[in-house]
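# Analysis of the macromolecular model
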Amino acid sequence: GAGVSQSPSNKVTEKGKDVELRCDPISGHTALYWYRQSLGQGLEFLIYFQGNSAPDKSGLPSDRFSAERTGGSVSTLTIQRTQQEDSAVYLCASSSLGQFSGNTIYFGEGSWLTVV
Amino acid sequence: DAKTTQPPSMDCAEGRAANLPCNHSTISGNEYVYWYRQIHSQGPQYIIHGLKNNETNEMASLIITEDRKSSTLILPHATLRDTAVYYCIVRESNFGNEKLTFGTGTRLTIIP
């Protein structure tokens, strides 16, 4: 597709279960970002990928959160042993990277996660 | 931490120009100013970005002061669909880490 694609668009899970969220960036974009946004709150940076490597994992809130990217394309954000405070919309974005970037970062529509 | 300061909310009459200010007094020479907006909890929508010069596209204009310490986003003829939270962002440009750090933004309400 032309834009950043995320799946699932909505996910309801029971507390303690693991979830995987997928992001398919715009074709050719080497930079990929994960953010989350709790209801009524701002966007919180989670992790940044350049190709398959993650030079910045500083935003991951706990060791229950992990992310990987394979083939320089699709990324998966995994949340283990979900807690109710993990309920949020998880947003993925991608960009064609340039040093001192003036390149645009495009966001997907997000994956809504509800932990019950 | 966000490097920008924006008013929390603004109103604008439909059909008028909406001027959204942003302060970024600690911006460094190679950092860009980006504007995004978010309607409800949809994914943020890119509007415009700039480095030094003023920029214009089909959505908006961006006016950056000569010292680059502040900027203004201008929506020339606001419509009801422009009601959203607008984020002014200074993009960090450390090589290998070019994330966007979002602040709290300005909630713009277009009044019929």
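For the structure itself, consult the block above.
For the structure given in this document, a descriptive report is provided here. A quick note: this is a predicted structure, and the numbers were derived from the prediction, not measured. (Residues numbered from 1 in each chain as written. Chains lettered and ligands numbered in written order. Predicted model: local features only at pLDDT ≥ 70, side-chain atom pairs only at ≥ 80, totals over all residues. Heavy atoms only, no water.)

## Observations concerning the layout of surface pockets
To find leftover empty space, one rolls a probe the size of a water molecule over the atoms. In this model, the largest pocket occupies a volume close to 380 Å³. If you trace the largest pocket, you find 20 residues lining it, with Q37 of chain A together with H40, V85, Y87 and R107 of chain B closest to the centre. Breaking the lining of the largest pocket down by element, the ones donating at least two residues are β8 (84-91) and β9 (106-111) of chain B. By residue class, the composition of the lining of the largest pocket is seven nonpolar, 12 polar and one charged. (1 Å grid on protein atoms, 1.4 Å probe; cavity = no way out; pocket = protein on both sides within 12 Å on 5 of 7 lines; lining within 4 Å. Points joined across faces, edges and corners; volume = space filled by probe spheres on them. Helix = DSSP H or I, 4+ residues; strand = E, 2+ residues; numbered from the N terminus. Nonpolar A, V, L, I, M, F, W, Y, C, P; charged D, E, K, R; others polar.)

## Section: the packing of aromatic side chains
Taken as a whole and assessed by the stated rule, the structure comprises 13 aromatic pairs over all chains. Three or more aromatic residues joined by ring pairs form one cluster here, namely Y35, F45, Y106 and F107 of chain A together with Y32, Y34, Y36, Y46, Y87 and F102 of chain B. (Phe/Tyr/Trp six-rings, centres within 6.5 Å; stacked < 30°, edge-to-face > 60°.)

## Quick look at the side chain of T106 of chain B
Along the chain, T106 of chain B turns up in strand β9. Sequence-distant contacts of T106 of chain B, that is, excluding residues within four places in its chain, are made with Q6, P7, P8, S9, M10, L20, A84, V85 and Y86 of chain B. (Contact = heavy atoms within 4.5 Å.)

## Things to note about the state of the cysteines
All names here are of chain A. As enumerated under the stated definition, the model contains two disulfides over all chains in all. Across the disulfide from C23 sits C92; the S-S distance is 1.9 Å. Its S-S torsion of about -70° marks the bond between C23 and C92 as left-handed, since a negative value means left-handed. With C23 in strand β3 (residues 19-24) and C92 in strand β9 (residues 88-95), this pair connects stretches of sequence that are 69 residues apart. Like C92, C23 is buried. (Disulfide = S-S within 2.5 Å. Buried < 20%, exposed > 50% of the residue type's maximum accessible area, 1.4 Å probe, protein only.)

## Some remarks on the pairing of β9 of chain A
Residue and element names in this part refer to chain A. Across the eight residues that make up β9, a large majority, eight, are buried. The sheet contact formed by strand β4 (residues 31-37) and β9 spans seven bridges and is antiparallel. Residue pairing in the sheet places L32 in a bridge with S94 of β9. Two elements, β9 and strand β10 (residues 106-107), share two bridges in a ladder whose sense is antiparallel. Residue pairing for β10: S94 is matched across the bridge by Y106. (Pairing = 2+ DSSP bridges.)

In short, shape yes, function no, at least from these values alone.
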